[in-house]
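Each chain, written out:
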Amino acid sequence: MTEPATEDRLDARQLADAFRQFSLASEALTGAYAGLQTQVGQLTERLSVLMGALPAGVVVLDRDARVVQANKVVEGMFGGVLAGVDWTEFCAHRLVATETPGEWQLVQNGETRRVTRVDAPLESGEGRIVLLTDVTEAHYMRLAAERNERLAAMGEMVAGLAHQLRTPLSAALLYTATLVQQEMAPADKARVGTRALERLRHLEKLIRDMLLFARGETLGREPFAICELVAELAQTVEPVARARGIRFDAACACGDTRLVGDRKAIAGALTNLLENAVQALDAGGAVQFHAGLEGAMACFRVIDDGCGIEPALQSRLFEPFFTTRVDGTGLGLAIARGVARAHGGDIAIDSEPGRGSTFTLTLAMGG
């Protein structure tokens, strides 16, 4: 009987050895895979515990912006399970931008809450994580702090309040007494009556400005075109400037951009800045009114070529009742700054004696 060749026997042994090594490797891989599954399960459990323990809301989205996972905080905010929901469409109806960048308003069960929202894309590019934090209490604390600051300022100005009210009131009483007690020619009566009305109107404006300053907050929120507001204010101020022999130019580089805010309050703040600039100049001067966008802020600049403002006075311009005008109430700039801050912005001044002044009012675009 012929025996198989040695070469064939070696191939069989090698095949058996290879099969045995493959079996060992397969068992090792199976064990490693089981270990990985255990680790993934542990990590998933830890992630779920972590998401449940976080005080903030966490939403995991896939590449199509659909909710893959959401913790209980988020579901409590929106009142239901969110898995599978189209997040973009869902938020469009539930989250409303506020005057503060990054803060949104959420209404749930008749209660209005404020939340911050941060979107972080995943490194894989397969989706993103959204972090929602309820800042309602912090918002109310901020409003209370601002109100307390205004009340403190009002407390400091009480000493000067009597004088501020008494001067125009005394003048109005004097003019009125003159009308009642003396026989006067019609022309003199008209002149004295006009002066009495002027003092009473000044008194009324002083009281109105005081109430605006004390209240501080804005009343309404509506979207409006920035350039339309600039054009409207230009039409109001230009005739006044022309009557005083002052050149007035206005320009807006915002295009069709719309701002969300209290249009009436913003218009009042800008009107105050424009009127101050016009009244500070002599005939032959010039005032420029420019509006533009800088990042997430709308910027309004009122520029004059007047005599400028001394540094010592600049620090006091926004103090209640501080004024350099005989007929001023001293509350206009304080109110204007309050309006700007209520819209997430502020007012800055750049001025040097002899080279004019620039007032810049900034407003957040509302998220």
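If you're wondering where the values come from, they're calculated on a predicted model, not measured in any experiment. (Residues numbered from 1 in each chain as written. Predicted model: local features only at pLDDT ≥ 70, side-chain atom pairs only at ≥ 80, totals over all residues. Heavy atoms only, no water.)

K.L.:
Break down the overall build of the protein for me, citing the residues and quoting the values.
P.N.:
Scanning the protein for helices and strands turns up nine helices and 13 strands. For the protein, the residues scored as buried account for 35% of the 367 residues in total. If you take every contact in the protein between residues at least 6 apart in sequence, the share linking residues at least 24 apart comes to 60%. (Helix = DSSP H or I, 4+ residues; strand = E, 2+ residues; numbered from the N terminus. Buried < 20%, exposed > 50% of the residue type's maximum accessible area, 1.4 Å probe, protein only. Contact = heavy atoms within 4.5 Å.)

K.L.:
Report on helix H3 (residues 87–94), specifying residues and quantitative values.
P.N.:
Among the residues of H3, those classed as buried are Trp-87, Phe-90 and Cys-91. Projection of H3 onto a plane perpendicular to its axis shows the buried side chains occupying an angular sector of 95 degrees, all on one side. Opposite the buried face of H3, by more than 90 degrees, sit the exposed residues Ala-92 and His-93. Those residues of H3 that are buried lie in contact with strand E1 (57–62), strand E2 (67–70), helix H2 (72–78), strand E3 (95–97), strand E5 (111–121) and strand E6 (127–134). The opening residue of H3, the one whose side-chain oxygen lies 3.2 Å from the backbone nitrogen of Thr-88, is Asp-86. (Arc of directions from axis to C-beta. Polar contact = N/O pair within 3.5 Å; in protein donor to acceptor, adjacent residues only side chain to side chain.)

K.L.:
Describe unusual backbone geometry, and please don't skip the residues or the numbers.
P.N.:
One non-glycine residue with positive phi stands out, namely Ala-65, at about 65 degrees. Structurally, the position occupied by Ala-65 is in the loop between E1 and E2.

K.L.:
Run through the state of the cysteines, naming residues and quoting values.
P.N.:
In total, this model carries one disulfide according to the counting rule given. Between the sulfur of Cys-227 and that of Cys-252 lies a disulfide, 2.4 Å long from S to S. Disulfide Cys-227 to Cys-252: torsion about the S-S bond roughly -85 degrees, handedness left-handed. With Cys-227 in helix H6 (residues 226–243) and Cys-252 in strand E8 (residues 247–252), the pair connects residues that are 25 residues apart, well separated along the chain. With a relative accessible area of 27%, Cys-252 lands in the partly exposed category. Of all cysteine sulfurs in the structure, the one in Cys-252 sits closest to Cys-254, which takes part in no disulfide; the separation is 3.8 Å. By relative accessible area, Cys-254 is classed as buried at 5%. (Disulfide = S-S within 2.5 Å.)

K.L.:
Got a sec to walk through the packing of aromatic side chains? Specific residues and values, please.
P.N.:
Applying the stated criterion across every chain yields a total of three aromatic pairs. With 5.8 Å between their ring centres and 80 degrees between their planes, Phe-78 and Trp-87 make a pair best called edge-to-face. No difference in accessibility class separates Phe-78 from Trp-87, as the two residues are buried. Its end group placed over the ring of Trp-104, Arg-117 keeps NZ or CZ at 5.8 Å from the ring centre. (Phe/Tyr/Trp six-rings, centres within 6.5 Å; stacked < 30°, edge-to-face > 60°. Lys NZ or Arg CZ within 6 Å of the ring centre and 35° of its normal.)

K.L.:
Before we move on, can you summarise the packing of helix H7 (residues 263–279) against helix H9 (residues 332–342) with the specific residues and values?
P.N.:
The contact between H7 and H9 brings their axes to 9 Å, and the two run at 140 degrees. Between H7 and H9, the interaxial angle falls into the category oblique. Classified by chirality, the crossing of H9 by H7 is left-handed. Within the contact between the two elements, H7 uses Ala-265, Ile-266, Ala-269, Asn-272, Leu-273 and Asn-276 and H9 uses Gly-332, Leu-333, Ala-336 and Val-339. The residue makeup of the contact of H7 with H9, split by class, is seven nonpolar, three polar and no charged. (Axes fitted to C-alpha atoms, helices over the stretch in contact; angles between N-to-C directions. Parallel < 35°, antiparallel > 145°, perpendicular 65-115°, else oblique. Left-handed = near helix turned anticlockwise from the far one by under 90°. Nonpolar A, V, L, I, M, F, W, Y, C, P; charged D, E, K, R; others polar.)

K.L.:
Pulling in residues and values, what's your account of H9?
P.N.:
With eight of 11 residues buried, H9 is to be regarded as a mostly interior element. Looking only at H9, the buried set comprises Gly-332, Leu-333, Ala-334, Ile-335, Ala-336, Val-339, Ala-340 and Ala-342. In the segment just after H9, Gly-344 is the residue with positive phi, at about 75 degrees.

K.L.:
Tell me about the nonpolar core, and name the residues and values.
P.N.:
Of all hydrophobic cores here, the largest spans 41 residues; its most connected members are Ile-226, Phe-289, Phe-300 and Leu-361. Elements with a minimum of two residues in this core: H6, H7, strand E10 (286–294), strand E11 (297–304), H9 and strand E13 (357–364). The biggest single contributor to this core is H7, with nine residues. In contact with Ile-226, other than residues within four places in its own chain, are Cys-252, Cys-254, Thr-257, Leu-259, Ala-291, Leu-293, Ala-298, Phe-300 and Met-365. Counting 16 residues, the second largest nonpolar core, distinct from the first, contains Val-59, Met-77, Trp-87 and Leu-132. (Core = buried A, V, L, I, M, F, W, Y, C linked by side-chain atoms within 4.5 Å.)

K.L.:
Give a detailed account of the environment of Ala-234, specifying residues and quantitative values.
P.N.:
Inspection of the secondary structure puts Ala-234 in helix H6. A residue is classified by how much of its surface remains accessible, and Ala-234, at 14% relative accessible area, is buried. Sequence separation between Ala-234 and Phe-289 is 55 residues, and the spatial gap between their C-alpha atoms is 8.1 Å.

K.L.:
Hey, could you go over the sheet that holds E1 for me, with residue numbers and the actual values?
P.N.:
Ordered by their spatial adjacency, six strands build an open sheet running E2-E1-E6-E5-E4-E3, and the pairing between neighbours is antiparallel. Where the open sheet ends on each side, the last strands, each with one partner, are E2 and E3. The mean inter-strand angle of the sheet, taken between neighbouring strand axes irrespective of direction, is 30 degrees. Direction of pairing for E1 relative to E6: antiparallel, over a ladder of six bridges. Considered in E6, the bridge of Asp-62 is made with Gly-127. On the sheet, H3 packs against E1, E2, E3, strand E4 (103–108), E5 and E6 and is oriented at approximately 65 degrees with respect to E3. (Pairing = 2+ DSSP bridges.)

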